[in-house]
Amino acid sequence: MGIGDKMRGLATNVQDGVKSSTLSFMHIMLRLITGFLVGLTLALIGQELIGYGTFALIFATVVVLAVIMKLLSNWSFGQILIFDLIVVLVGMLLRMYILVAP
């Protein structure tokens with residue numbers, strides 16, 4: 001085993017490590033964005049219904065964010081994107097209901 005084989009093995013290991021780290025980072029960011037948007041939406045709905053202040057808004061957002069992050073931790077990219085699609089469709093349905101309701 002020469003120096004060329006060792007360098008090729010090192011380059012392959014580095015490439016695999018970067019790929020794994022990038023996928024892990026993207027998975028965390030996708031979960032974080034999903035959780036933040038769902039948390040902010042639910043917190044704003046709660047603020048309008050109950051009328052709590054800014055601190056409670058931030059607290060509700062962080063709590064829902066943490067729950068969503070934990071819930072989606074074992075899900076794949078496809079499953080999270082399907083979850084996002086369902087959440088958006090439910091949001092559009094609620095918006096339509098609000099606009100049509102007398």
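Shown above is the structure to which this text applies.
Small disclaimer: the values here were computed from a predicted structure and weren't measured. (Residues numbered from 1 in each chain as written. Predicted model: local features only at pLDDT ≥ 70, side-chain atom pairs only at ≥ 80, totals over all residues. Heavy atoms only, no water.)

Colleague: What should I look at first to understand the overall build of the protein in this one?
Modeller: Each helix and strand counted, the protein has three helices and zero strands in total. When the elements of the protein are put in sequence order from the N terminus, they spell out α-α-α. Relative to the 2.2 N^0.38 estimate, which gives 13 Å for 102 residues, the radius of gyration of the protein is 21 Å and therefore markedly larger than a compact globule would have. Seen through its principal axes, the protein has C-alpha atoms that stretch 80 × 30 × 15 Å. A total of 102 residues make up the protein; the buried ones form 18% of that total. In the protein, 65% of the contacts between residues at least 6 apart in sequence involve partners at least 24 apart. (Helix = DSSP H or I, 4+ residues; strand = E, 2+ residues; numbered from the N terminus. Rg over C-alpha atoms; globule rule 2.2 N^0.38 Å. Buried < 20%, exposed > 50% of the residue type's maximum accessible area, 1.4 Å probe, protein only. Contact = heavy atoms within 4.5 Å.)

Colleague: Honestly, the packing of helix α1 (residues 3-50) against helix α2 (residues 54-71) in this entry has me stumped. Any pointers?
Modeller: Between α1 and α2, the least distance of the axes is 7 Å, while the angle of their chain directions is 140°. With respect to their mutual orientation, α1 and α2 come out oblique. The handedness of the crossing between α1 and α2 comes out as right-handed. (Axes fitted to C-alpha atoms, helices over the stretch in contact; angles between N-to-C directions. Parallel < 35°, antiparallel > 145°, perpendicular 65-115°, else oblique. Left-handed = near helix turned anticlockwise from the far one by under 90°.)

Colleague: Would you mind going over the side chain of H27 with me for this structure?
Modeller: As for its position among the elements, H27 is in helix α1. For H27, a relative accessible area of 14% gives the class buried.

Colleague: Sorry if this is basic, but what is going on with the pattern of salt bridges here?
Modeller: Pairs may arise between side chains of opposite charge once their charged atoms sit close together. Scanning the model with the defined rule gives one salt bridge in all. For D5, the salt bridge identified is with R8, shortest N-O distance 2.9 Å. Of this pair, D5 and R8 both sit in helix α1, three residues apart, roughly one helical turn. A residue is classified by how much of its surface remains accessible, and R8, at 54% relative accessible area, is exposed. (Salt bridge = Lys/Arg side-chain N within 4 Å of Asp/Glu carboxyl O.)

Colleague: Looking at this model, I keep getting lost on the side chain of D84. Mind explaining?
Modeller: Take D84: it is sitting in helix α3 (residues 77-100). In this structure D84 is buried but unpaired, with R31 as the nearest side chain of opposite charge at 11 Å. Excluding residues that lie within four positions of it along the chain, D84 makes contacts with L30 and T34. (Lys, Arg positive; Asp, Glu negative; His and termini not counted.)

Colleague: Where do I start with the nonpolar core in this structure?
Modeller: General note: in soluble globular proteins, nonpolar side chains tend to be found buried as a group. Judged by nonpolar contacts, L30, V38, I68, L72, I80 and F83 together constitute the single largest core of six residues. Dropping the residues within four chain positions of it, I68 is found in contact with R31, T34, G35, V38 and F83. (Core = buried A, V, L, I, M, F, W, Y, C linked by side-chain atoms within 4.5 Å.)

Remember, this is a structural readout, not a statement about activity or role.
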